[in-house]
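Single-letter residue listing:
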Amino acid sequence: MSDQPNATETALESAFAVQRSRYVIGIDLGTTNCAMAFVDTQRPSPRVEIFSIEQLVDFGVVAQSQTLPSFHYELTPSEVSSVEERFQFSLPERASRHVGIVGILARERAMQVPGRGIASAKSWLCHTLVDRESDMLPWHGDEQVERLSPIEASARYLKHLSREWDRSHPQSPMSQQEVVVTLPASFDEVARRLTLEAAKRAGLERVILIEEPQAAFYAWLDRHPQEWMQILKPGDCILVCDIGGGTTDFTLIRVIDSSVVGSETTSQGNAEDAHRIDSDVSGHVNRKLQSAFGLHRVAVGPHLMLGGDNLDLALAHFVEQRLKDTGNASSNLTPRQWDVLKAHARKAKESLLGDQPPEQYTVSLPGSGSKLIANTQTVTIERAWALQLLIDGFFGRVEIDAKPDRSQTLFQEFGLPYESEPSVPRHLAQFLWEHRWAGRPELDRARFSELLAARPDWVLFNGGVLESKEIRNAILDQIAYWFAPASEPEWKPKLLEGNRHDLSVACGAAYFGLARRGEGVRIDARLARAYYLLVQQNPAQAMCVMPASAMPLDCYRLDQHPFDLVVGQPVQFPLYYSSTQLTHAFGDLVDVDPRIMTPLPPIQTVLEWGRGRRTGTIPVVLESELSEIGTLNLSVVTQADDSSESNPVRWSLQFDVRGGTPGDLATEGTGSLSPLIDSQRVERGLEALDRLFGVSPTEPLSECYNVLGAALGANRREWPPSLLRALWSYLHEQSECRNRSAETEARWLNLVGWCLRPGFGFPADDWRVQNTWRSVHNKLIHRSLSGVSESVILWRRIAGGFTEGQQNALYQDAWTRLKSTFGGGAVGSQQLSTNVVNELLRLLGSLERLRVSDKTTVVNGALSSFAKKKLAPMRGAILWMVGRMGSRVPVYASLQQTIPTELAVAWIERLLSIEDETLEGSMPSYSLALMLMARRTGDRYRDVPESVRDRVLMRLEQIGAPEIHRRLVADIGQLGEDETSTVVGDALPLGFTLRTP
């Protein structure tokens with residue numbers, strides 16, 4: 001057999017050579033701490049080394065540490081001068097007074113002044129219900145503090161690491177080195193891409209991603225370079241249990257006889273190669289280095305936002321309750337006291353669960369009044385009590401058939417979507433059982449029982465939470481309880497030891513960079529999750545577009561299933577992934593099972609083709625590629641034979657990274673399973689529209705909804721979103737019909753708003769809203785009262801789809817026209833009818849993204865004139881507006897855009913002082929406004945004080961308010977369908993729900 005490398009291996013070595021640099025750097029970008037390791041490849045015997053990170057530990061004091069706490073703190077103006085410039089961060093486009101630091105001092109100052117500190121940015125980076133690119137942190141921070149996006153906060157940690165590296169290695173800056181950044185194995189595609197964006201902002205372009213559990217195992221391999229093949233044997237199953245500050249990750253690695261693997265996987269490989277148009281070749285190097293053994297990563301657990309932060313919150317909650325039980329606190333702590341308590345709870349947890357724990361830990365909280373020292377509250381946490389709470393509560397014993405309980409409700413304070421099931425063993429039981437056969441050869445099914453197949457032989461612990469011996473032992477005891485055979489009752493899984501939990505991920509990342517060059521042991525880390533494209537809805541079926549067996553650089557082309565692509569119009573590509581359904585090959589058509597298939601953020605776009613931006617359909621095929629860094633790339637390509645272009649046209653499809661918002665409206669399936677309608681029904685609707693707004697209309701516009709209802713066989717409240725958006729498309733294309741008459745324009749505006757409401761929640765709604773804005777804003781053709789009124793209604797209906805800038809423009813216009821009415825001008829001045837004034841008020845209430853100062857201006861102006869007799873016809877609209885502006889649960893805005901609690905209390909006090917006779921005819925709106933502002937959420941940052949809620953409840957009882965209003969003030973709950981329509985201002989389209997954070 002020839003010793004010459006084959007073409008595949010030569011190509012691989014060439015690809016690696018392009019990326020080779022003197023240093024390989026591994027970075028653990030952690031939720032609580034960052035760490036960095038490196039390999040100097042020019043040393044005779046390259047080895048992994050830890051990089052000590054210089055950082056501020058106090059004002060004017062610099063020291064080195066092996067970790068960089070993942071905390072950002074904005075300095076006060078008086079603190080800036082005491083911090084060296086090289087440790088400062090500020091954005092050049094922002095005011096220079098905003099200066100931040102990261103690291104140890106940032107962590108300590110953030111504990112003392114929590115309103116200026118950012119923590120857990122990594123958890124926000126994978127939060128699917130917020131716009132992760134928006135400036136939103138610190139969550140509930142002080143008003144004057146600069147907000148950063150989770151991406152920018154993460155970038156600042158990386159920038160600090162890069163700066164310190166460059167100071168130590170001026171001839172080899174980090175930007176020119178190969179950098180490996182770690183992330184949770186369960187990070188979705190969007191979170192992976194945003195991690196890369198954070199690295200790019202830090203000036204790091206040559207970045208490779210690796211999953212943290214894999215990195216931890218690589219660190220163990222690095223510590224056992226010679227003896228690992230004596231420790232492990234073929235058939236062994238290794239569970240990597242990684243519990244960090246923000247997430248819990250499970251990974252299974254199997255040790256497989258390479259010769260058996262080669263023979264067993266040949267047939268599957270040939271079947272898939274029929275569709276592959278490129279293939280990863282890294283396995284060749286791996287097999288060359290591991291002649292006898294194969295290390296295969298065969299399973300990755302689901303994303304679990306369950307980690308050290310949850311333990312801190314639980315401890316803080318129970319400490320707060322103890323303060324109340326002992327009389328040291330009469331009610332819940334203030335938000336600022338709570339922030340301090342959370343920081344103390346973290347330190348208490350680390351101390352009481354440490355290797356040399358004290359028997360008790362004392363927490364002192366500052367008072368909230370003017371006499372802070374006199375009001376200081378102290379509570380002692382006994383170790384036995386903490387163990388019962390944290391060990392039994394999060395790691396207590398369960399049965400092997402236990403499943404997570406998704407119905408529980410946990411913490412609201414951070415605004416993060418923490419896992420509702422706090423029991424780690426429940427999640428672990430489900431993971432081990434679902435993947436009991438993953439990666440096992442077929443003959444194992446005859447040799448093992450299902451219980452034995454699920455049993456791990458080895459456990460490798462990683463993550464800060466698992467620094468605790470108590471927690472590690474609880475997990476080992478749980479696994480032994482599940483799997484110890486009757487003949488060997490003392491059996492326990494063996495431990496792969498030797499890693500430092502706070503540094504192993506960074507070390508493993510650096511080792512992986514070396515292994516990529518063929519100088520170490522490489523894990524065969526196939527994708528371990530399958531991706532599916534929804535192709536049919538009734539019944540729901542999806543096609544596998546990336547199999548779980550894929551390796552980096554694998555690329556597939558769906559030639560056997562071409563489809564017609566709509567160009568010039570919004571299109572969506574609903575995608576799912578599964579970490580448990582791993583046997584499907586590329587191109588397989590399967591039924592959608594929501595129990596094991598998770599929808600991804602929708603891929604939605606408007607594809608334009610040709611200079612004329614032509615519309616229509618063209619035949620295309622889908623291509624999918626697994627990039628070298630492990631991200632899924634999807635493209636659609638025109639078929640050369642059918643394209644009028646000289647060369648095939650390719651469009652890259654991008655995931656929607658904006659997500660929803662905590663108080664969002666969303667379609668069922670989050671845009672991925674929006675109800676489809678048959679083409680014949682669409683055609684009937686379009687034909688009816690043509691009879692109303694076409695070149696030669698034949699139907700009276702006054703009957704437009706009746707005409708459409710008859711054609712569609714349903715009244716307008718029963719039209720599904722997909723039909724509504726199809727009708728909008730026609731109206732948008734026929735916008736010139738507005739020239740015909742004032743009535744035509746008014747009816748057109750009304751129908752456009754109805755078909756596009758609420759302006760978001762359906763794929764490509766942002767595109768539709770922006771097109772509507774360009775067509776209508778400041779472009780009314782007929783300045784009739786009906787046209788003005790209908791344009792205001794249109795903006796109100798789709799307000800949730802507007803940017804902050806557009807909402808501000810609407811505010812400036814509406815308030816300019818209204819303020820004279822409240823300041824003494826006559827109602828109807830400036831040609832405003834009572835109806836238009838009411839609509840303008842409701843529009844203002846719908847603009848949830850306005851600045852707090854603007855909301856305050858409007859509410860103060862309206863309430864100051866509320867008792868004036870001339871405003872009696874507008875009082876209902878005023879109260880509705882006040883309720884929306886002060887609502888504790890926004891309809892679409894992010895939570896940081898709600899008004900401060902103190903301001904909501906002030907507005908409630910003003911409403912409570914209004915006499916009954918002044919409220920005649922507007923009691924329903926009055927009740928609604930009180931409910932919206934006093935509604936209980938469970939989030940101490942938004943909830944008004946209990947004493948205020950009690951007074952609101954008494955008032956609601958007095959006026960005979962609806963029972964649901966009283967219930968929502970007293971307890972956490974959801975709006976009903978009727979109340980949702982009242983709050984939003986219109987009935988919602990079918991399938992839309994109002995999610996309450």
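Residues numbered from 1 in each chain as written. Predicted model: local features only at pLDDT ≥ 70, side-chain atom pairs only at ≥ 80, totals over all residues. Heavy atoms only, no water.

### Thoughts on the overall build of the protein
Okay, so step 1: Secondary structure assignment for the protein yields 33 helices and 34 strands.
Okay, so step 2: Across the 997 residues in the protein, those meeting the buried criterion constitute 59%.
Okay, so step 3: Long-range pairs, those at least 24 residues apart, make up 73% of the contacts in the protein with a sequence separation of at least 6.
Okay, so step 4: A total of about 39700 Å² of accessible surface is found on the protein, and carbon and sulfur atoms cover 48% of it. (Helix = DSSP H or I, 4+ residues; strand = E, 2+ residues; numbered from the N terminus. Buried < 20%, exposed > 50% of the residue type's maximum accessible area, 1.4 Å probe, protein only. Contact = heavy atoms within 4.5 Å. Areas by Shrake-Rupley, 256 points an atom, 1.4 Å probe, with all protein chains shown as cover.)

### Observations concerning the packing of aromatic side chains
How two aromatic rings sit relative to each other is set out by the distance from centre to centre and by the angle between their planes.
Okay, so step 1: Scanning the model with the defined rule gives 19 aromatic pairs in all.
Okay, so step 2: With a centroid separation of 6.3 Å and 45° between ring planes, the pair formed by Tyr 531 and Tyr 577 is classed as tilted. With Tyr 531 in strand β21 (residues 530-537) and Tyr 577 in strand β26 (residues 575-578), this residue pair connects regions lying 46 residues apart in the sequence. Of the two residues, Tyr 531 and Tyr 577, neither departs from the other in class, the shared state being buried.
Okay, so step 3: Aromatic side chains Tyr 556 and Phe 586 sit 4.8 Å apart centroid to centroid with 25° between the ring planes, which places their arrangement in the stacked category. (Phe/Tyr/Trp six-rings, centres within 6.5 Å; stacked < 30°, edge-to-face > 60°.)

### A word on the sheet that holds strand β27 (residues 589-591)
Okay, so step 1: Across the sheet, five strands lie side by side as β27-β22-β21-β26-β28; this open sheet has antiparallel pairing. One side of each edge strand has no neighbouring strand; the edge strands of this open sheet are β27 and β28 (598-599).
Okay, so step 2: Pairing of β21 with β26 involves four bridges; the strand directions are antiparallel. Bridge pairing links Ala 530 to Ser 578 in β26. (Pairing = 2+ DSSP bridges.)

### Concerning helix α27 (residues 852-864)
Okay, so step 1: Relative to the 18 Å expected for 13 residues at 1.5 Å per residue, α27 spans 18 Å between its end C-alpha atoms, a close match to the ideal helical length.
Okay, so step 2: The elements touched by buried residues of α27 are α25 (804-822), α26 (834-846), α28 (875-886) and α29 (901-912). (Expected span 1.5 Å × (residues − 1).)

### Describing the sheet that holds strand β12 (residues 237-243)
Okay, so step 1: Strand order in the open sheet made by the six strands is β19-β18-β12-β13-β15-β20, with mixed pairing throughout. Pairing within the sheet leaves two strands with one partner each, and these edge strands are β19 (494-495) and β20 (524-525).
Okay, so step 2: The pairing of β12 with strand β13 (residues 248-257) spans seven bridges and is antiparallel. Residue pairing across strands places Asp 242 opposite Asp 249, the latter belonging to β13.
Okay, so step 3: Strands in contact with helix α7 (residues 212-223) are β12, β13, β15 (293-300), β18 (458-462) and β20; relative to β12, the strand with the most contacts, it is inclined by about 115°.
Okay, so step 4: The sheet strands contacting helix α14 (residues 424-434) are β12, β13 and β15, and the helix crosses β13 at an angle near 35°. (Axes fitted to C-alpha atoms, helices over the stretch in contact; angles between N-to-C directions.)

### Looking at unusual backbone geometry
Okay, so step 1: Residues Leu 137 and Pro 138 are joined by a peptide bond in cis, for which omega reads 10°.
Okay, so step 2: Following the sequence through the fold, Pro 138 ends up in the loop between α4 (121-125) and α5 (150-168).
Okay, so step 3: Across the junction of Arg 757 and Pro 758, the peptide omega takes the value 0°, indicating a cis bond.
Okay, so step 4: Within the secondary structure, Pro 758 sits in the loop between α22 (742-756) and α23 (765-776).
Okay, so step 5: With a phi close to 55°, Ser 120 is a non-glycine residue in the positive phi region.
Okay, so step 6: With respect to the secondary-structure elements, Ser 120 resides in the loop between β9 (117-118) and α4.

### Details of the pairing of strand β10 (residues 178-183)
Okay, so step 1: Among the six residues that make up β10, six are buried, leaving the element largely enclosed by the rest of the structure.
Okay, so step 2: The side-chain alternation of β10 yields two buried faces, one formed by Glu 178, Val 180 and Thr 182 and the other by Val 179, Val 181 and Leu 183.
Okay, so step 3: The sheet contact formed by strand β1 (residues 23-29) and β10 spans five bridges and is parallel. Across the sheet, the residue bridging to Asp 28 is Thr 182, located in β10.
Okay, so step 4: Pairing between β10 and strand β11 (residues 207-211): five bridges, direction parallel. Across the sheet, the residue bridging to Val 181 is Leu 209, located in β11.

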